[in-house]
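Survey of secondary and tertiary structure
These are the residues of each chain, in order.
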Amino acid sequence: MIRILTLNVNGIRSAAKKGFFSWLAKQNVDIVCLQETRAHTHLLTDPVLRPTGYHAYFCDAEKKGYSGVALYTRVKPDQVHRGLGWHNADTEGRYIQADFGKLSIASIYFPSGTSGEVRQAIKYDFMAHYEKQLSANRKNGREYILCGDWNIAHKTIDLANWRSNQKSSGFLPEERVWFDKLLGPLGFVDAFRVLNQEPDQYTWWSQRSRTARARNIGWRIDYQIVTPELAQAIQSVSIYTGEIFSDHAPVIVDYDLNLPL
């Protein structure tokens, strides 16, 4: 059994101050995928950010205090890959992948388009490039667990106020159709929905409203997306909301798998 956790930390040092790593130490997690670390690796000198028992890997954005992803693993991977091979993905630190035998586990952070048309165009470009990568992944003989903040709520069940957000980035028709392709023709599986089809299961709450989280007016935009052969290995899924480490919540999935030692 392996346990994988994904969380957009909205600043790794901020999440540490809010107790994330202290909590993590008690969760028996094998692999941790973090997004929006917002700190260059050389600045992460606090031992709390390098927890005992984990190998730590980072992929930073060129811009200071922006984006960035990380991956912590108890088992040392065969290889670690940073970046996806195109400018906006690689200069913004949006992807890191660890390979274990024929299994690849990645931390991915999709761009947000909420700031306006320029960033939405960058998001669409990212989606178009990544779709080609995902198609290639399905043909290379590897299994994938793709963890992260995809910045898209797929269906009406995945956000509280879907009617009023149909023209909002993150729930635009084009984004939802793209996600349909991800889980349709491309053949990937939303791990959480394999075992939990209930409403009101959210992973992000806007900080613009002080009461959104208390009232559970949220969005489910954080996923573990897997190749179909791994769907039967999913044993349990959960979203941890007992403590607040960022504006997102950890998504935890247990798999009946063994990492090569």
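Everything that follows concerns the structure shown earlier in this document.
In this text the structure is predicted, and so the values were computed from the model without any measurement.

**Here we look at the sheet that holds strand S6 (residues 95–100)**
Reading across the sheet, the 6 strands line up as S5-S6-S7-S8-S10-S9 and stay open at both edges, with mixed pairing between neighbours. Both edges of this open sheet fall to strand S5 (79–82) and strand S9 (189–190), since each of them pairs with a single strand only. Of the strand pairs in this sheet, S6 and strand S7 (residues 103–109) are connected by 6 bridges, and their pairing is antiparallel. Note on S7: the bridge partner recorded for Phe 100 is Leu 103.

**Things to note about helix H5 (residues 173–183)**
Looking only at H5, the buried set comprises Glu 175, Trp 178, Phe 179 and Leu 182. End-on view of H5: buried residues confined to an arc of 100°, all on one side of the axis. The elements touched by buried residues of H5 are helix H4 (117–137) and strand S10 (222–226).

**Considerations on unusual backbone geometry**
If you check the backbone angles, Asn 151 has positive phi at about 55° while not being a glycine. Looking at the secondary structure, you find Asn 151 in the loop between strand S8 (143–149) and H5. Exposure remark for Asn 151: the relative accessible area of 13% places this residue in the buried category. Its identity is not glycine, yet Asp 200 carries a phi of approximately 65°, on the positive side. Mapped onto the elements, Asp 200 comes out in the loop between helix H6 (191–195) and S10.

**A closer look at the packing of H4 against H5**
Their axes nearest at 12 Å, the elements H4 and H5 cross at an angle of 10°. Judged on the interaxial angle alone, H5 and H4 are roughly parallel. The segment H4 lies against H5, with Gln 120, Lys 123, Tyr 124, Met 127, Tyr 130, Glu 131 and Leu 134 engaging Glu 174, Glu 175, Trp 178, Lys 181 and Leu 182. Classifying every residue of the contact of H4 with H5 by side-chain character gives 6 nonpolar, 1 polar and 5 charged.

**Points about the sheet that holds strand S2 (residues 31–35)**
Sheet architecture is open: 6 strands sit in the order S3-S4-S2-S1-S12-S11, paired in mixed fashion. Two strands lie at the open edges of the sheet, namely strand S3 (55–59) and strand S11 (234–239), each paired on one side alone. If you compare each strand with its neighbour and ignore which way they point, the axes differ by 15° on average. Relative to strand S12 (residues 251–255), strand S1 (residues 2–8) runs antiparallel, the two sharing 5 bridges. Bridge pairing links Arg 3 to Asp 254 in S12.

**Section: H4**
Here H4 is 21 residues long and its end C-alpha atoms lie 30 Å apart, about the 30 Å a rise of 1.5 Å per residue gives. By the burial criterion, the buried members of H4 are Arg 119, Gln 120, Ile 122, Lys 123, Phe 126, Met 127, Tyr 130, Leu 134 and Asn 137. Angularly, the buried residues of H4 cover 145° about the axis, an arc narrow enough to put them on a single face. Of the exposed residues in H4, those oriented more than 90 degrees away from the buried face are Glu 117, Val 118 and Lys 132. Check the buried side of H4 and you find it contacts helix H3 (87–91), S6, S7, S8 and H5.

**A look at the side chain of Asp 254**
By secondary structure assignment, the location of Asp 254 is in strand S12. One polar contact links Asp 254 to Arg 3, side chain to side chain, over a distance of 2.6 Å. At 2.9 Å, the side chain of Asp 254 forms a polar contact with the side chain of Ser 236. Every residue in contact with Asp 254, bar those within four places of it in the chain, is listed here: Met 1, Ile 2, Arg 3, Ala 233, Ile 234, Gln 235 and Ser 236.

**What about the state of the cysteines?**
According to the stated counting rule, one finds 0 disulfides in the structure shown. Cys 147 provides the cysteine sulfur closest to Cys 33, a residue in no disulfide bond, and the two sulfurs are 4.0 Å apart. No disulfide involves Cys 59; its sulfur sits 13 Å from the nearest other cysteine sulfur, which is in Cys 33.

Calculation rules
- Residues numbered from 1 in each chain as written.
- Predicted model: local features only at pLDDT ≥ 70, side-chain atom pairs only at ≥ 80, totals over all residues.
- Heavy atoms only, no water.
- Pairing = 2+ DSSP bridges.
- Helix = DSSP H or I, 4+ residues; strand = E, 2+ residues; numbered from the N terminus.
- Buried < 20%, exposed > 50% of the residue type's maximum accessible area, 1.4 Å probe, protein only.
- Arc of directions from axis to C-beta.
- Contact = heavy atoms within 4.5 Å.
- Axes fitted to C-alpha atoms, helices over the stretch in contact; angles between N-to-C directions.
- Parallel < 35°, antiparallel > 145°, perpendicular 65-115°, else oblique.
- Nonpolar A, V, L, I, M, F, W, Y, C, P; charged D, E, K, R; others polar.
- Expected span 1.5 Å × (residues − 1).
- Polar contact = N/O pair within 3.5 Å; in protein donor to acceptor, adjacent residues only side chain to side chain.
- Disulfide = S-S within 2.5 Å.

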